[in-house]
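# Fold and contact review
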Amino acid sequence: MGTDQDKLYVLLLSIHGLIRVHDLELGRDADTGGQTKYVVELARALCEHPRVELVELLKRRVVDPQVSDDYAESEEQLATRARIVRIECGEEGYIPKEELWDSLDSFCDRTLEYLRQQDRLPDVIHSHYADAGYVGVQLSRQLGLPLVHTGHSLGRVKRRRLLAAGLKRDQLEERYRISRRIAAEEDTLGLADLVITSTHQEIEAQYGLYDFYIPDRMKVIPPGVDLERFHPPLGNERQATIHKALKRFLASPSTDFPQMYLSFPSAKDPAWASNFPGKSTIDVIAPAPWSWFAQWQHQPWKNRGAAYDDFKAELSDRLLEEVYRRAPQTKGAVDHVELSTPLS
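This section reports on the structure supplied with the text. Nothing here was measured: the structure is a model prediction, and the numbers come from that model.

### Some points on the overall build of the chain
- For the chain, the count of helices and strands is 10 helices and 10 strands.
- Taken along its principal axes, the extent of the C-alpha atoms in the chain is 75 × 50 × 40 Å.
- With 344 residues in all, the chain has 41% of them scored as buried.
- Relative to all contacts within the chain whose residues are 6 or more apart in sequence, the contacts with residues 24 or more apart total 67%.
- For the chain, the exposed surface amounts to about 19,500 Å²; the carbon and sulfur share of it is 50%.
- Counting 44 positive and 53 negative side-chain charges, the chain places the centres of these two groups 4 Å from one another.

Spelled out as structure tokens, the structure:
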């Protein structure tokens with residue numbers, strides 16, 4: 001690290017989930033979603049600012065055969081002046097955020113050791129989500145550093161929604177450790193110098209539920225748009241990779257699907273883990289030309305004949321092969337498959 005004291009050393013905390021420099025596994029599970037993308041892009045944007053010397057994104061180090069070895073690396077260079085630093089935190093395996101609370105004091109201690117080995121302390125700490133808020137509060141108090149916080153989602157809001165959905169309070173405690181989360185959020189709001197939100201509704205209707213609701217310390221900064229990915233038509237769309245892939249597929253449908261959407265709806269159902277422990281659901285959507293199914297369009301529903309059933313089974317096998325390739329942990333664990341076509 002350099003020694004330019006006029007430039008900022010920014011410390012970002014985002015503890016749960018999986019983050020690496022390349023190929024973010026967005027949607028892999030409930031802990032690796034929008035926050036993952038947000039903090040990586042934030043780190044990259046901050047390090048481009050002329051007043052910033054260094055951005056460090058502190059994560060929990062994960063050593064687990066079920067995930068990539070990338071998450072066991074102690075450091076990764078994210079950009080010229082930004083890096084991911086992974087801190088030991090309790091047991092090595094990949095753990096859901098709800099089960100990390102007892103390990104957060106260890107994360108604090110290891111982070112303090114790491115920071116005291118650096119040439120200088122950070123100028124500001126920016127915590128993301130309740131678990132990082134808990135750590136940020138401890139670091140801020142011990143080091144006398146300002147704390148910025150972004151909640152991403154809030155425990156009081158989640159508890160209200162889940163109770164309305166029919167879950168019992170003891171279920172919320174067992175599954176989500178919701179009281180510990182809310183207590184950490186209250187402490188964070190009480191200490192934070194600045195709380196960043198996406199909307200005014202978040203300030204008034206969500207943070208307004210908290211005892212330490214201090215709107216004067218809250219600032220709306222709407223999420224930006226990556227103009228490298230989202231932009232008006234440029235006129236060269238026929239040269240795009242997806243256009244070429246679709247053209248190839250429509251000319252020869254037996255080749256690989258040009259595009260596929262995978263999601264895990266059960267991961268977003270707050271009652272799923274309690275009602276169906278150890279099970280998950282997967283949705284897979286892929287394009288298909290209407291011509292594949294036109295010959296059966298006038299046949300009765302559920303009685304379109306053996307050829308149609310065989311064709312659906314073939315499509316199911318093709319889609320499953322893609323699922324196994326993209327999510328290899330699912331191979332051998334699929335109990336039931338059901339395929340829908342434009343006719344069903």
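### Digging into the pattern of salt bridges
- Under the counting rule described, the total for this entry stands at 20 salt bridges.
- Here Arg175 and Glu98 are joined by a salt bridge, their closest N and O atoms 3.8 Å apart. Placement of the pair is Arg175 in helix H5 (residues 169-176) and Glu98 in the loop between strand E4 (82-87) and helix H2 (104-116), with a sequence separation of 77 residues.
- Note that Asp102 is salt-bridged to Arg180, the shortest N-O span being 2.9 Å. Here Arg180 lies in helix H6 (residues 178-191) and Asp102 lies in the loop between E4 and H2, a separation of 78 residues in the sequence.

### Notes on unusual backbone geometry
- Despite not being glycine, Tyr129 shows a phi value in the positive range, around 80°.
- The residue Tyr129 is located in helix H3 (residues 129-143) in this model.
- Residue classification places Tyr129 among the buried residues on the basis of a relative accessible area of 7%.
- One non-glycine residue, His152, lies in the positive phi region at around 70°.
- Examined against the element boundaries, His152 turns out to sit in the loop between strand E6 (147-150) and helix H4 (155-164).
- Classification of His152 as partly exposed rests on a relative accessible area of 31%.

### Examining the packing of aromatic side chains
- Counting across every chain of the model gives 10 aromatic pairs.
- Taken together, a centroid distance of 5.6 Å and an interplanar angle of 40° make the contact between Phe249 and Phe257 tilted.
- For Phe249, a relative accessible area of 1% corresponds to the buried category.
- Among the aromatic residues, those joined into a cluster by ring pairs are Phe249, Phe257, Trp292, Phe293, Trp296, Tyr308 and Phe311.
- The lysine or arginine in question, Arg156, covers the ring of Tyr210, its NZ or CZ lying 5.2 Å from the ring centre.
- Taking NZ or CZ as reference, Arg318 lies 4.6 Å from the ring centre of Phe257, over its face.

### Remarks on the environment of Val334
- For Val334, the position within the fold is in the segment after helix H10 (306-326).
- Accessibility expressed as a relative area gives 33% for Val334, which makes it partly exposed.
- Put simply, Val334 and Gln295 are 39 residues apart on the chain and 31 Å apart in space, counted from C-alpha to C-alpha.
- Those residues in contact with Val334, other than ones at most four positions away along the chain, are Leu320 and Tyr324.

### Details of the side chain of Lys312
- When you line up the elements, Lys312 lands in helix H10.
- Buried charge without a salt bridge: Lys312, with Asp309 as the nearest opposite-charge side chain at an N-O distance of 5.7 Å.
- Excluding residues within four positions of it along the chain, Lys312 makes contact with Leu339 and Thr341.

### As for the sheet that holds strand E8 (residues 218-220)
- Here we have eight strands laid out as an open sheet, ordered E3-E4-E2-E1-E5-E6-E7-E8, and mixed in their pairing. A single partner strand is all that each edge strand has here, and the edge strands are strand E3 (75-79) and E8. Across the sheet, the mean angle separating the axes of adjacent strands is 25° when strand polarity is ignored.
- The sheet contacts of H2 involve strand E1 (8-13), strand E2 (52-60), E3 and E4, and relative to E4 the element is tilted by about 130°.

### Here's the deal with the packing of H2 against H3
- It is the contact of H2 with H3, at a shortest axis distance of 10 Å, that shows an interaxial angle of 45°. When the axis of H2 is compared with that of H3, the two are oblique. Viewed along their axes, H2 and H3 form a crossing whose handedness is right-handed. Together, Leu104, Asp105, Phe107, Cys108, Thr111, Leu112, Leu115 and Arg116 of H2 and Asp131, Tyr134, Val135, Gln138, Leu139, Gln142 and Leu143 of H3 make up the contact between the two elements.

About the cut-offs
- Residues numbered from 1 in each chain as written.
- Predicted model: local features only at pLDDT ≥ 70, side-chain atom pairs only at ≥ 80, totals over all residues.
- Heavy atoms only, no water.
- Helix = DSSP H or I, 4+ residues; strand = E, 2+ residues; numbered from the N terminus.
- Buried < 20%, exposed > 50% of the residue type's maximum accessible area, 1.4 Å probe, protein only.
- Contact = heavy atoms within 4.5 Å.
- Areas by Shrake-Rupley, 256 points an atom, 1.4 Å probe, with all protein chains shown as cover.
- Lys, Arg positive; Asp, Glu negative; His and termini not counted.
- Charge placed at Lys NZ, Arg CZ, Asp CG, Glu CD.
- Salt bridge = Lys/Arg side-chain N within 4 Å of Asp/Glu carboxyl O.
- Phe/Tyr/Trp six-rings, centres within 6.5 Å; stacked < 30°, edge-to-face > 60°.
- Lys NZ or Arg CZ within 6 Å of the ring centre and 35° of its normal.
- Pairing = 2+ DSSP bridges.
- Axes fitted to C-alpha atoms, helices over the stretch in contact; angles between N-to-C directions.
- Parallel < 35°, antiparallel > 145°, perpendicular 65-115°, else oblique.
- Left-handed = near helix turned anticlockwise from the far one by under 90°.

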